[in-house]
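The residues making up each chain are set out below.
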Amino acid sequence: MNWKHSLAGLLLISGAPLAHAETLNTPHWVEFNGKESLDPISPTRFYAANQLIYNRLVRQGEQGQPTASLASDWSANAGADTWIFQLRPDVKFHNGKTMTVDDVVYSFNRILDPQRDAPARAALSVIEQVTADEDGKITFRLKQPHADLPILLMDYRAKIVPVGFDEDPALMGIGTGPFKLTKFVPRGTSQFDAFADYWEGRPKLDGMDLIGIPDDNARTQALLAGQIDWSGWNGVNGQQLRLFEANPGFHYDSIPTGDWRGIVFRNDNPALQDPRVRKALKMVVNRQEMVELLFGKAGATISCDNPVWAGDQYRLAQQCEQDIDGARALLNEAGYQDNLTLDIYTSAVDNYFRPMTEIYQRQAAMAGIQVNIHTVPASDFWSATWMKKPAFNTAWGQRPADQVMNEIFGGQAQWNESAYNNPAFDRLLSQARQELDKEQRTRLYQQAQAMLTDDSSTLIPFHLNNNRVMRANVSIPAVEHFAIRWHQVEKS
């Protein structure tokens, strides 16, 4: 008897696949409705894929601190307006080419090119020039001092691509990351194989499949049905978690993060141009009640409309109790003695959106605010609703203080979803970047946070815990998703 063939037949009959035995099946949002790009600086960047394909010079450590990646170390001059980064040697691209300083210079020049539609430029605009020498050193000369440049370079889009990336279509999707692209179908299944020459060592997985599932409930059902191996970058909410807690086929980690969900009321909406109205819209919220209804008592950390998360070194501690009488008074002063009517657009693209909007609707009604809720298809939300309607839900991942305030609320920022425009706020951020004394720098960043939470029109009631559910045979490091080392992920 041929035991090898008999064993293969037995495995096939039992349903155990022989090919891709250690491929991790992973869901993603289909955030841009099939227009996802493998260019890491594209406005429609394919986030999940680009995390696997590319590396940065600097990445997050487990506590969010700047940690060596493609750069092995760095230093600044006394004025912090010139920084030198040492490139790690012998790093290979997926096509076999060795990465050089020229690739690094090319990658940053793409981001800084004013003719290019690159949202990352807002976060990295302090960089004046990037040059390199033959000793593997890259020099960043800045327009003004910046004491935290390594934190800026942790930007998830600041990936290194090979020279010629724009000119040669064959280089699209070629990076130095732990997995290399083999099939690109953003609305279906995109496939990646382990990169054997990865500079940190061959990944423990054979590959990863990214499966497009826009609807949050559908992702949860796919996990229960065994069609995917984990809940994905955004995890599951408190109600969904109950489906897995007592199930021996799964385990999970609950990880505090800087991720948040919110409601954006655009400043260019005539009804919201009065700062008293903007403040009233946030004062009506009972944040503790909202958190407990959505997650239970320990599912999230309350935020007072501050995008800077509790683990950030510059975070400003704040209190924000519900104040219905105060909200009514402000609305009366602004001319809304009877009531204010708002249309809010939501979607099943994220399972928190509709429930939090319904909770807001009920709480706002106590101050005479009538909220009309409109639900749009998950497949259309990010392309046709986000930043296009007067009021809508939003979702953001964790970012350092400087980046999150500049990128989402800076007056000239491309992703300024609320159309917030406050020159005094922009000046504070600029001053903070240049301040070399950390105590003074902290004070400036915290002044900017206080101004933003008082004046902006974005409701940020909480920062999420990431309930990362995975099948019992899967092991993913229990760290915030920007800090996951994908070559260490295992599936037995």
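Our subject is the structure listed above.
Residues numbered from 1 in each chain as written. Predicted model: local features only at pLDDT ≥ 70, side-chain atom pairs only at ≥ 80, totals over all residues. Heavy atoms only, no water.

Q: Describe in detail the side chain of Gln403, supporting the description with residues and values.
A: Inspection of the secondary structure puts Gln403 in helix 13 (residues 401-409). The exposure class assigned to Gln403 is buried, which follows from its relative accessible area of 3%. At a separation of 2.8 Å, a polar atom in the side chain of Gln403 contacts the side chain of Asp155. Leaving out residues up to four positions away in the same chain, Gln403 has contacts with Ala123, Asp155, Arg157 and Ile408. (Helix = DSSP H or I, 4+ residues; strand = E, 2+ residues; numbered from the N terminus. Buried < 20%, exposed > 50% of the residue type's maximum accessible area, 1.4 Å probe, protein only. Polar contact = N/O pair within 3.5 Å; in protein donor to acceptor, adjacent residues only side chain to side chain. Contact = heavy atoms within 4.5 Å.)

Q: Could you give an account of the environment of Pro27, with specific residues and numbers?
A: Mapped onto the fold, Pro27 is located in strand 1 (residues 23-28). Distance from Pro27 to Trp230, taken between C-alpha atoms, is 7.8 Å for residues 203 residues apart in sequence. Residues within four places of Pro27 in sequence aside, it is in contact with Ile211, Ile213, Arg219, Ile228, Trp230, Ser231, Gly232 and Trp233.

Q: So what about helix 13? Which residues, and what values?
A: For helix 13, a buried count of nine out of nine residues is recorded, marking the element as mostly surrounded by other parts of the structure. When helix 13 is considered as a whole, its buried residues turn out to be Ala401, Asp402, Gln403, Val404, Met405, Asn406, Glu407, Ile408 and Phe409.

Q: Could you give an account of the packing of helix 9 (residues 287-295) against helix 11 (residues 353-365), naming the residues involved and the relevant values?
A: Between helix 9 and helix 11, whose axes approach to 10 Å, the crossing angle comes to 145°. Helix 9 and helix 11 meet at a crossing whose hand is right-handed. Residues Glu289, Met290, Leu293 and Leu294 of helix 9 lie in contact with helix 11, whose contacting residues are Pro355, Met356, Ile359, Tyr360, Arg362 and Gln363. Its residues placed into classes, the contact of helix 9 with helix 11 shows seven nonpolar, one polar and two charged. (Axes fitted to C-alpha atoms, helices over the stretch in contact; angles between N-to-C directions. Left-handed = near helix turned anticlockwise from the far one by under 90°. Nonpolar A, V, L, I, M, F, W, Y, C, P; charged D, E, K, R; others polar.)

Q: Could you give an account of the pattern of salt bridges, with specific residues and numbers?
A: Using the criterion set out here, one finds 22 salt bridges in the structure. For Arg278, the salt bridge goes to Asp455, with nearest N and O atoms at 3.0 Å. With Arg278 in helix 8 (residues 275-283) and Asp455 in helix 15 (residues 438-455), this residue pair connects regions lying 177 residues apart in the sequence. Like Asp455, Arg278 is buried. Salt bridges sharing common partners tie together Asp39, Arg110, Arg116 and Asp166. (Salt bridge = Lys/Arg side-chain N within 4 Å of Asp/Glu carboxyl O.)

Q: Describe the sheet that holds strand 7 (residues 137-142), listing the residues and the values that go with them.
A: Pairing within the open sheet is antiparallel, and its four strands lie in the order 4-5-7-6. Every other strand in the sheet has two partners, leaving strand 4 (71-76) and strand 6 (127-132) as the edge strands with one partner each. Across the sheet, the mean angle from the axis of one strand to that of its neighbour is 20°, orientation sign disregarded. Packing against the sheet, helix 3 (residues 101-112) makes contact with strand 5 (82-87), strand 6 and strand 7, and its axis sits at approximately 160° to strand 6. (Pairing = 2+ DSSP bridges.)

Q: Describe in detail the packing of helix 8 against helix 15, supporting the description with residues and values.
A: Remark: helix 8 packs on helix 15, axes separated minimally by 8 Å, with the N-to-C direction vectors making an angle of 90°. One element, helix 8, and the other, helix 15, form an angle in the roughly perpendicular class. Only Leu452, Thr453, Asp454 and Asp455 of helix 15 make contact with helix 8, whose side of the interface consists of Pro275, Arg278, Lys279 and Lys282. Taken together, the residues of the contact of helix 8 with helix 15 sort by class into two nonpolar, one polar and five charged. (Parallel < 35°, antiparallel > 145°, perpendicular 65-115°, else oblique.)

Q: Account for the state of the cysteines, with residues named and values stated.
A: Within this structure, the stated rule accounts for one disulfide. One disulfide bridge connects Cys304 with Cys320, the sulfur atoms lying 2.1 Å from each other. Taking the sign of the S-S torsion, about -85° here, the bridge from Cys304 to Cys320 comes out left-handed. Of this pair, Cys304 sits in the loop between strand 12 (300-302) and helix 10 (324-333) while Cys320 sits in the loop between strand 12 and helix 10, and the two are 16 residues apart along the sequence. (Disulfide = S-S within 2.5 Å.)

Q: Before we move on, could you go through the packing of aromatic side chains and cite the residues and values that matter?
A: Applying the stated criterion across every chain yields a total of 30 aromatic pairs. Between Tyr420 and Phe425, the ring centres sit 5.6 Å apart and the planes meet at 80°, which makes this aromatic pair edge-to-face. Both residues of the pair, Tyr420 and Phe425, belong to the buried class. In this structure an aromatic cluster arises from ring pairing among Trp29, Trp260, Phe353, Phe381, Trp382, Trp386, Trp396 and Trp415. (Phe/Tyr/Trp six-rings, centres within 6.5 Å; stacked < 30°, edge-to-face > 60°.)

Q: Outline the side chain of Ser231, supporting the account with residue identities and numerical values.
A: Here Ser231 is to be found in the loop between helix 6 (216-224) and helix 7 (238-241). With a relative accessible area of 7%, Ser231 lands in the buried category. Those residues within four positions of Ser231 in sequence are excluded, and the remaining contacts are Pro27, Leu223, Val236, Asn467, Arg468 and Val469.

Q: Which residues make up the nonpolar core, and what are the values?
A: Core analysis: the largest hydrophobic core is formed by 98 residues, its most contacted members being Leu57, Phe108, Ile127, Phe140, Leu153 and Met405. Filtering out sequence-adjacent residues up to four positions away, Met405 remains in contact with Pro307, Val308, Gly410, Phe425, Leu429, Tyr445, Ala448, Gln449 and Leu452. Formed by 35 residues, the second largest nonpolar core is a distinct cluster that contains Phe265, Ala271, Leu331 and Phe462. (Core = buried A, V, L, I, M, F, W, Y, C linked by side-chain atoms within 4.5 Å.)

Q: So, helix 9: which residues are in play, and what are the values?
A: Those residues of helix 9 lying buried are Arg287, Met290, Val291, Leu294 and Phe295. One face of helix 9 carries all of its buried residues, which in axial projection span an arc of 95°. On its buried side, helix 9 packs onto helix 7, helix 8, strand 12, helix 11 and strand 16 (458-471). Backbone geometry just downstream of helix 9 places Gly296 in the positive-phi region, at approximately 90°. (Arc of directions from axis to C-beta.)

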